[in-house]
Each structure stands twice: as C-alpha cells, then as structure tokens.
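Each chain is listed here by its residues.
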Amino acid sequence: MTEAGTLYLCATPIGNLEDITPRVLRTLSEADIIAAEDTRHTLQLLNHFNIKGHLVRYDEHSKDKNGPKLLAELLGGKNVALVSDAGFPGIADPGEQLAREAIEAGIKVVPLPGANAALCALIASGLPSSPFFFGGFLPKSKKNRAEQLAAWKNIPSTIILYEAPHRIKDVLKEILAAWGDRKLAAARELTKLHEEFFRGTVSECLAWLEVQPPRGEFCLVIAQGEDEAAAETQTTTDPLDEVKALIAQGTDKKTALAQVAKARKVPKRELYNRLLEEE
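Notes on the structure follow. Please read all numbers here as calculations on a predicted model, not as lab measurements.

1. A closer look at the state of the cysteines
Okay, step 1: Inspection of the entire model under this criterion finds zero disulfides.
Okay, step 2: Note on Cys120: no disulfide assigned, nearest cysteine sulfur contributed by Cys219 at a separation of 8.8 Å.
Okay, step 3: Looking at Cys120, the relative accessible area reads 29%, which means it is partly exposed.
Okay, step 4: Looking at the unpaired Cys205, the closest cysteine sulfur is the one in Cys219, lying at 12 Å.
Okay, step 5: Classification of Cys205 by relative accessible area gives buried; the value is 1%.

Encoded structure:
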C-alpha cells in the first residue's frame, strides 16, 4: 500500500520577500505539487527564488473541483505545498477547506510558519494583544455586515479585521455606528516600503482617510469597548475588594456595602459577614 504524502501549509511573504523562510523555500522546491490561490502571482515568487514547480490552482472558485484531485494526489503519495497570495493559507483563505479535508482523510498536515498580517498589525498596534479575536473579512453586503457587527459587539477582547480599500470608509462608519468611537490601529502595506499605521479612534481614522486616500488592503485592530472592558473587570474582581477600596476612599462602610451589593447583585449580608471576618 502506498504511503500517503504530506500537505504543507506554507506561509509566504505579505510584502517583503525577505520574510520568506529557508524552510518554506526548500519545501516549495521539493514538493511534487504547489497548490496556489493565484498561480500567476505564485509563479512570480517562484521565479524570484529560481524555483521550478508544478503549479495547480486552488482558490475559492476552483476548490470544489481541484480539492478532490489534490487529495487523490496526496493519498497516492505526492507531497503538496499549499500557498495563498500572501501570509498563511487558511487564514481568510480557501486553504482552510483543503487542510480540513486532508485531516479527515488521515493525511499528515504540516504548518510552515512565516509572515502574517493580523499578528504584525496586532503587535504594533499599541492595543492589548491578549486576548484577541480574529474576524477576518466582514460580509460584503451592508445588511450582513450589520448583523455580524451586532453579534461581535460585546466580544471581550481586541478585535482584528481585514478590509479592502474600496470598502474601508463604509465599514468604519458602520463600526462607529454599531460599536461607538473605539480606539483602533489601521495598518496598510505591512512589511512593504510604504508601510503605514494610523493609531487613534474610529472617527479620527475616517478623518485621516479623507486626506489620505485608502490604498492597499487594511488590517484593523480595534479595542474592546469600554463598557465591555469595565464589565469584564467587574466580573473578575472580588466584590469585597471593591467595598474595601470605597471605604479607603472615604465612603462609609454601610454605603460602600450597599453600592457594591447593588452593582454586583450579591447579598449585602454576605459582603458584610465577609468584611467582619477580615476585620
């Protein structure tokens, strides 16, 4: 029985070609098949590094047709290197489906690390990096975007989104209406010569885009809403500590107990008894 091949998920540069790793270059040169989102784009990358390879198209439009063919090649012992146009295959990319199907078929799937726009933007955003939520691209229709924004409004983390330049202004206006004027970082042209970050609020970013026409795909890193952040802090703080803090600030004991008990929806008698135990 023929031993199955391996599916390699290869991260490619998101702008600067120097960000490709030696391991990815070796894998691309040794793979029996290179499955690419855009074969013309990937061919330019291969030519730059003098790599010859058998390219097969695998994108949103061809995945249902070519996916089974690639799985058959893998089950027949061929090694397949999967790449997207930039960054990780499978992140906001149809490669996710091939990886899942390969795993279900018992095929070995190996990730090869490298550049990623979301993480690059996150670590340089100035916003909390943990926890974070990656939402990818919002839906194309305004109605579906509104539903998605409503569903994600109270996520207790920093939120990362991708957006195309021709939709960025509309999307920011919708975010402003749905989530309020949150802090954000908008990154474009990451790792390229004209890499640029805007750091401020949603409304300030909209004003910036009026004088700085949007070019290139954007990565938005958006802060957790203040109300949600406060609620999260409240739920992870011991109510008794809040009582002690109020008393230390000059609030009398009775008032402090009543305020915290009401806000945290806990019995005042319970807080009072715990306070007595510590006095």
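Still more to cover.
2. Examining the sheet that holds strand β7 (residues 158-163)
Okay, step 1: The strand order across the open sheet formed by five strands is β6-β7-β10-β8-β9, and the pairing between neighbours is mixed. At either margin of the open sheet sits one strand with a lone partner, and together these are β6 (132-137) and β9 (196-201). Adjacent strand axes in the sheet meet at a mean angle of 15°, parallel and antiparallel pairs treated alike.
Okay, step 2: Pairing geometry for β6 and β7, over five bridges, is parallel. Paired with Gly136 across the bridge in β7 is Leu161.
Okay, step 3: Strands β8 (183-188), β9 and β10 (218-222) of the sheet are contacted by helix α8 (residues 202-211), whose axis makes an angle of about 135° with β9.

3. So, the sheet that holds strand β5 (residues 108-112)
Backbone hydrogen bonds are what pair the strands of a sheet, in a parallel or an antiparallel way.
Okay, step 1: Taken in spatial order, the five strands line up as β3-β2-β4-β1-β5 in an open sheet, and their pairing is parallel. Sheet topology places β3 (55-57) and β5 at the edges, where each strand pairs with a single neighbour. Shown here is a sheet whose adjacent strand axes are inclined to one another by a mean of 25°, direction ignored.
Okay, step 2: Where strand β1 (residues 6-10) lies against β5, five bridges are found, and the strand directions are parallel. Residue pairing for β5: Leu9 is matched across the bridge by Pro111.

4. Side note on the pairing of β8
Okay, step 1: β8 sits mainly inside the fold: five of its six residues count as buried.
Okay, step 2: Relative to β9, β8 runs antiparallel, the two being bridged by six bridges. Within β9, the position partnered with Ala187 by the bridge is Phe197.

5. Describing the pattern of salt bridges
Side-chain pairs of opposite charge can arise where the charged atoms are in close proximity.
Okay, step 1: Under the defined criterion, the tally for this structure stands at 11 salt bridges.
Okay, step 2: Of the charged contacts, one joins Arg188 and Glu196 as a salt bridge, the two residues approaching to 2.9 Å between their closest N and O atoms.

6. Some details on the nonpolar core
Okay, step 1: Core analysis: the biggest nonpolar cluster contains 22 residues, and Leu161, Leu172, Ile175, Leu184, Cys205 and Leu220 have the highest contact counts within it.
Okay, step 2: Looking at this core, the elements that each hand over two or more residues are α6 (142-152), β7, α7 (168-179), β8, α8 and β10.
Okay, step 3: Contact partners of Leu184, with chain neighbours within four places excluded, come to Leu127, Leu172, Phe198, Arg199, Gly200, Thr201, Val202, Cys205, Val221 and Ile222.
Okay, step 4: Listed in part, the 16 residues of the second largest apolar core include Ala121, Ala185, Phe197 and Val221.

7. Considering the environment of Gln148
Okay, step 1: Note that Gln148 resides in helix α6.
Okay, step 2: Taking the relative accessible area as the measure of exposure, Gln148 reaches 24% and is therefore partly exposed.
Okay, step 3: For the pair Gln148 and Leu220, spaced 72 residues apart in sequence, the C-alpha to C-alpha distance is 16 Å.
Okay, step 4: Discounting chain neighbours no more than four positions away, the residues touching Gln148 are Leu138 and Pro139.

Cut-off values and rules
- Residues numbered from 1 in each chain as written.
- Predicted model: local features only at pLDDT ≥ 70, side-chain atom pairs only at ≥ 80, totals over all residues.
- Heavy atoms only, no water.
- Disulfide = S-S within 2.5 Å.
- Buried < 20%, exposed > 50% of the residue type's maximum accessible area, 1.4 Å probe, protein only.
- Pairing = 2+ DSSP bridges.
- Helix = DSSP H or I, 4+ residues; strand = E, 2+ residues; numbered from the N terminus.
- Axes fitted to C-alpha atoms, helices over the stretch in contact; angles between N-to-C directions.
- Contact = heavy atoms within 4.5 Å.
- Salt bridge = Lys/Arg side-chain N within 4 Å of Asp/Glu carboxyl O.
- Core = buried A, V, L, I, M, F, W, Y, C linked by side-chain atoms within 4.5 Å.

Worth remembering: the numbers are spatial, not functional.
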